[in-house]
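What follows is each chain in one-letter form.
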Amino acid sequence: MQTTEREIVGKENLNPFEIVQKQIDAAASLLGLPSTAVEILKHPKRVVCVSFPVKMDDGSVRVFEGYRSQHNDAIGPTKGGIRFHPDVTLDEVKALSMWMTFKCGVVGLPYGGGKGGVICDPHDFSKGELERISRGFMEAIADIVGPDKDIPAPDVYTTPQIMGWMMDTFSRLKGAYSPGVITGKPLIIGGSKGRSEATAQGCVFTILEALKELGRKPEETTVAIQGFGNAGRISAKLLAELGFAIVAVSDSRGGIYDPNGLDVEKVGQLKDTGSIQDYENGKKISNAELLELDVDILIPAALENVITGANAERVRAKVIAEAANGPTTPDADVILRKNGVVVIPDILANAGGVTVSYFEWVQNLMHHYWSETEVNEKLQTAMVEAYAAVRALAEKYGVDMRTGAYMVSLLRITQAMEARGWI
């Protein structure tokens, strides 16, 4: 495969599939795991590449390409999002499915990891075209997904409505109402209360645990958030309500910065009606500049590989909470640790989404639904326990939290593979 500019910055390899394999090797070597277990975990069990035709509004037919990767189902069915993005690649989808396995393992869910993607920009299509793309992709992967096989969910540029269309398509194909095939659905068709806020809420719970270790209070703490989509925007809202000063946020167009704190509600209104850069009191900054601000907490909540060996030395945050998947590269991890920056890794920090997706799946199977208070209480318990387990193992082995998180998951998955006779 030809190396692309996206994969190499200087001499640093930014291929996400190769990055996750390195992360597995690093954690497994410390644990002395069997080489057969490591090799199994370094490759997805199944990857499906599909192409499917979609009739456009003008009567033409366009063929779309998509992927679904299922990494490991030793503990249970695979689970993970579907993204609609023009830059979706096979290696990215494989890596994301692997991260999902370890994310589920960190919080103790009975799942392996899955991930899917369609190469498209949803902003280019009408609602009707987007519905036909969503249904077409589900038709293409219907044979390999299901409540006991692989349960998709929303991801980048996909929504509860898209999940609803996909669930309906699967149900029609199977001839039975099947809400458990997919999570992140609208409430009226089996969604869970608290699901849309879950990724951000889980991230906030881990930040509060880290804050205890720093001996700081929320009202003494500044936060910068790169990415103002679901995770970033809700994180800003929740943290502001707790007293944190949100001093910078950004979206794909750029960011705004006010050292005295932003009016998060006003920024959200501008996002809905125009651009966050219309904010009157803030200084316009780039996404790159936001990452290097002198703040207490930095939340990368956009795409992968934004903190690299090239800019990690200039990161001044005391804590990085990874609301996005794979925002920090291995080279950057080395630099950040040397500089005393605590990184709450993605497979822990953003595991709230898959945790409440699990709650949704359980509710679908039971046909019994919980209140939002009950969902959030269960989520807080899961995140606090996971944070403590990762922190304890990291301290025991003298490693960073990312390696500790992988170690927690690798132990669990290896035990499952041994119990099933795979190794």
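Heads up: the structure comes first, above all this text.
Bear in mind the structure is a predicted one, so any value in this text is a computation, not a measurement.

Visitor: Account for the layout of surface pockets, naming residues and giving values.
Guide: Roughly 360 Å³ of internal volume is contained in the second largest pocket. Elements with a minimum of two residues in the lining of the second largest pocket: strand 2 (12–13), helix 1 (16–31), helix 10 (330–338) and helix 14 (401–419). Of the residues belonging to the lining of the second largest pocket, the class tally is seven nonpolar, three polar and seven charged.

Visitor: Can you break down the sheet that holds strand 9 (residues 245–251) residue by residue, with the values?
Guide: Within the open sheet, the seven strands sit side by side as 11-10-9-8-12-13-14. Their pairing is mixed. Each having just a single partner strand, strand 11 (283–285) and strand 14 (342–344) make up the two edges of the open sheet. When the angles between neighbouring strand axes are averaged without regard to direction, this sheet yields 20°. The pairing of strand 8 (residues 222–226) with strand 9 spans five bridges and is classified as parallel.

Visitor: Hey, could you go over the packing of aromatic side chains for me, with residue numbers and the actual values?
Guide: In the structure shown here, the tally under the stated rule is nine aromatic pairs. Consider the rings of Phe-102 and Tyr-406, whose centres lie 5.1 Å apart with planes at 50°: the pair is tilted. Of the two residues, Phe-102 sits in helix 3 (residues 90–106) while Tyr-406 sits in helix 14, which places them 304 residues apart along the sequence. The buried category is assigned to Phe-102, whose relative accessible area is 0%.

Visitor: I'd like a rundown of a nonpolar patch on the surface, residues and numbers included.
Guide: A surface patch of nonpolar side chains, about 210 Å² in accessible area, is lined by Ile-40, Trp-422 and Ile-423. As for its placement among the helices and strands, Ile-423 is situated in the segment after helix 14.

Visitor: Describe in detail the sheet that holds strand 7 (residues 150–154), supporting the description with residues and values.
Guide: Pairing is mixed across the open sheet formed by five strands, whose spatial order is 3-4-6-5-7. On the outer flanks of this sheet lie strand 3 (46–55) and strand 7, each paired with one strand and no other. On average, each strand axis in the sheet is inclined to that of its neighbour by 25°, with strand direction left out of account. Relative to strand 6 (residues 112–119), strand 5 (residues 78–85) is paired through six bridges, and the arrangement is parallel. The partner of His-85 across the bridge, within strand 6, is Ile-119.

Visitor: Give a detailed account of the nonpolar core, specifying residues and quantitative values.
Guide: Soluble, globular proteins show a tendency: their nonpolar side chains are buried together. Judged by nonpolar contacts, the single largest core of 86 residues is most densely connected at Phe-102, Ile-246, Val-249, Ile-299, Leu-348 and Leu-410. Ranked by residue count, the leading element in this core is helix 14, at nine residues.

Visitor: Run through the pattern of salt bridges, naming residues and quoting values.
Guide: The final tally for this structure, using the stated rule, is 27 salt bridges. Of the charged contacts in the structure, one is a salt bridge between Asp-272 and Arg-233, with a shortest N-O distance of 2.9 Å. One end of the pair, Asp-272, is in helix 8 (residues 264–273); the other, Arg-233, is in helix 7 (residues 230–241), with 39 residues separating them in the sequence. With a relative accessible area of 55%, Asp-272 lands in the exposed category. A relative accessible area of 27% means that Arg-233 is categorised as partly exposed. Across the pair Lys-318 and Asp-296 runs a salt bridge whose closest N-O atoms are separated by 3.0 Å. Within this pair, whereas Lys-318 is found in the loop between strand 12 (297–300) and strand 13 (319–321), its partner Asp-296 is found in the loop between helix 9 (287–291) and strand 12, the two being separated by 22 residues in sequence. Taking the relative accessible area as the measure of exposure, Asp-296 reaches 7% and is therefore buried.

Visitor: Mind laying out the state of the cysteines, listing which residues take part and the relevant values?
Guide: Covalent bonding between the sulfur atoms of two cysteines is what defines a disulfide. For the structure shown, the criterion picks out zero disulfides. Not part of a disulfide, Cys-49 finds its nearest cysteine sulfur in Cys-120, a span of 16 Å. You can see Cys-203 has no disulfide; the closest cysteine sulfur is in Cys-104, sitting 17 Å from it.

Visitor: Describe the side chain of Asp-258, naming the residues involved and giving the relevant values.
Guide: Here Asp-258 lies in the loop between strand 10 (254–257) and helix 8. No salt bridge is formed by the buried Asp-258; the nearest opposite charge belongs to Lys-283, separated by 11 Å. At 2.9 Å, the side chain of Asp-258 forms a polar contact with the backbone nitrogen of Asn-260. The residues contacting Asp-258, other than those within four sequence positions of it, are Val-247, Asn-281 and Gly-282.

Visitor: Now, about the pairing of strand 3: what can you tell me, with residues and values included?
Guide: Sheet topology note: the strand 3/strand 4 (residues 61–70) ladder contains ten bridges and is antiparallel. Across the sheet, residue Lys-55 finds its bridge partner in strand 4, namely Val-61.

Visitor: Can you break down helix 1 residue by residue, with the values?
Guide: Within an α-helix, residues lying three or four positions from one another point in the same direction, as the helix has 3.6 residues per turn. In this model helix 1 runs 23 Å from its N-terminal to its C-terminal C-alpha over 16 residues, within 8% of the 22 Å that 1.5 Å per residue would give. Within the sequence span of helix 1, burial applies to Pro-16, Phe-17, Ile-19, Val-20, Gln-21, Gln-23, Ile-24, Ala-27, Ala-28 and Leu-31. Among the structural elements, strand 2, helix 2 (35–41), helix 3, helix 10, helix 13 (372–397) and helix 14 are those in contact with the buried residues of helix 1. Once helix 1 ends, the next one or two residues include Gly-32, with phi positive near 65°.

About the thresholds
- Residues numbered from 1 in each chain as written.
- Predicted model: local features only at pLDDT ≥ 70, side-chain atom pairs only at ≥ 80, totals over all residues.
- Heavy atoms only, no water.
- 1 Å grid on protein atoms, 1.4 Å probe; cavity = no way out; pocket = protein on both sides within 12 Å on 5 of 7 lines; lining within 4 Å.
- Points joined across faces, edges and corners; volume = space filled by probe spheres on them.
- Helix = DSSP H or I, 4+ residues; strand = E, 2+ residues; numbered from the N terminus.
- Nonpolar A, V, L, I, M, F, W, Y, C, P; charged D, E, K, R; others polar.
- Pairing = 2+ DSSP bridges.
- Axes fitted to C-alpha atoms, helices over the stretch in contact; angles between N-to-C directions.
- Phe/Tyr/Trp six-rings, centres within 6.5 Å; stacked < 30°, edge-to-face > 60°.
- Buried < 20%, exposed > 50% of the residue type's maximum accessible area, 1.4 Å probe, protein only.
- Patch = residues over 30% accessible without salt bridge, like charges linked within 9 Å, V, L, I, M, F, W, Y side chains within 5 Å.
- Areas by Shrake-Rupley, 256 points an atom, 1.4 Å probe, with all protein chains shown as cover.
- Salt bridge = Lys/Arg side-chain N within 4 Å of Asp/Glu carboxyl O.
- Core = buried A, V, L, I, M, F, W, Y, C linked by side-chain atoms within 4.5 Å.
- Disulfide = S-S within 2.5 Å.
- Lys, Arg positive; Asp, Glu negative; His and termini not counted.
- Polar contact = N/O pair within 3.5 Å; in protein donor to acceptor, adjacent residues only side chain to side chain.
- Contact = heavy atoms within 4.5 Å.
- Expected span 1.5 Å × (residues − 1).

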